[in-house]
Amino acid sequence: MTAAATAPDQGKAEPTPAGALSRLIQEVNDSGVSYQEMADRGVDPDGNKLPKQWYQKLVKTPPVNPPSVAQMHAIAAATGRSFRRVQEATAKQWLLYEATELAGYDEEVRIIVGHLAGKTKAELLQWRMMIEAAERARREAGE
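Predicted model, so just to flag it, every value in this text is computed and none were measured.

Here is what the cut-offs are and how they apply
- Residues numbered from 1 in each chain as written.
- Predicted model: local features only at pLDDT ≥ 70, side-chain atom pairs only at ≥ 80, totals over all residues.
- Heavy atoms only, no water.
- Core = buried A, V, L, I, M, F, W, Y, C linked by side-chain atoms within 4.5 Å.
- Buried < 20%, exposed > 50% of the residue type's maximum accessible area, 1.4 Å probe, protein only.
- Helix = DSSP H or I, 4+ residues; strand = E, 2+ residues; numbered from the N terminus.
- Contact = heavy atoms within 4.5 Å.
- Salt bridge = Lys/Arg side-chain N within 4 Å of Asp/Glu carboxyl O.
- Phe/Tyr/Trp six-rings, centres within 6.5 Å; stacked < 30°, edge-to-face > 60°.

**Student:** Can you walk me through the nonpolar core in this structure?
**Tutor:** Proteins that are soluble and globular tend to have nonpolar side chains buried together. Within the largest apolar cluster, 21 residues are counted, with the highest numbers of intra-cluster contacts made by L21, I25, M38, Y55 and I75. Mapped onto this core, the elements with two or more residues apiece are α1 (20–30), α2 (35–41), α3 (52–60), α4 (69–79) and α5 (83–95). Residues contacting I75, with those up to four places away along its chain left out, are L21, I25, L50, W54, Y55, L58, P67 and V86.

This is the structure:
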């Protein structure tokens, strides 16, 4: 006689992957910076600090609401990451928004990247090889 197989527990939720900001803080922690060190370094523009437990909670059980702008400044100071990086991670975690802006590049570079968007891997590889070949030729010619 065989026993009936038990159905998987429908009440158990699969663990959700950590959000972008949670991962950023976890990576800093994994690199050797303790949550207490983050709390000590993480000062916002008004001089307020986020407690150690805040960073721990953000990694383990993120709140429903994203951090405020002042809190993002504190996180940037705490983690040693740029405010922009913290802002992008926050937007990705809570708004499912991924930044695609090419900050720091001129219009020509943006136009070129725009033309490459949507190309297949083979086409991207072809363009990369052409650009690298052109650079190599310029170096070899002494230009």
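**Student:** Got a minute to help me understand the pattern of salt bridges in this structure?
**Tutor:** Side chains that differ in charge, positive against negative, can pair when their charged atoms come close. Inspection of every chain in the model, using the stated rule, returns two salt bridges. The shortest N-O distance in the salt bridge between R84 and E88 comes to 3.5 Å. Residue R84 and its partner E88 are both found in helix α5; the two are separated by four residues, about one turn of the helix. Exposure remark for R84: the relative accessible area of 35% places this residue in the partly exposed category. A residue is classified by how much of its surface remains accessible, and E88, at 29% relative accessible area, is partly exposed. Among the ionic pairs, R128 bridges to E132, the shortest N-O distance being 2.9 Å.

**Student:** Looking at this structure, how should I read the packing of aromatic side chains?
**Tutor:** For any pair of aromatic rings, geometry is given as the distance between the ring centres together with the angle between the planes. One pass over the structure, following the stated rule, counts one aromatic pair. Considering the side-chain rings of W54 and Y55, the 5.7 Å spacing of their centres and the 80 degrees angle between planes classify their relative orientation as edge-to-face.

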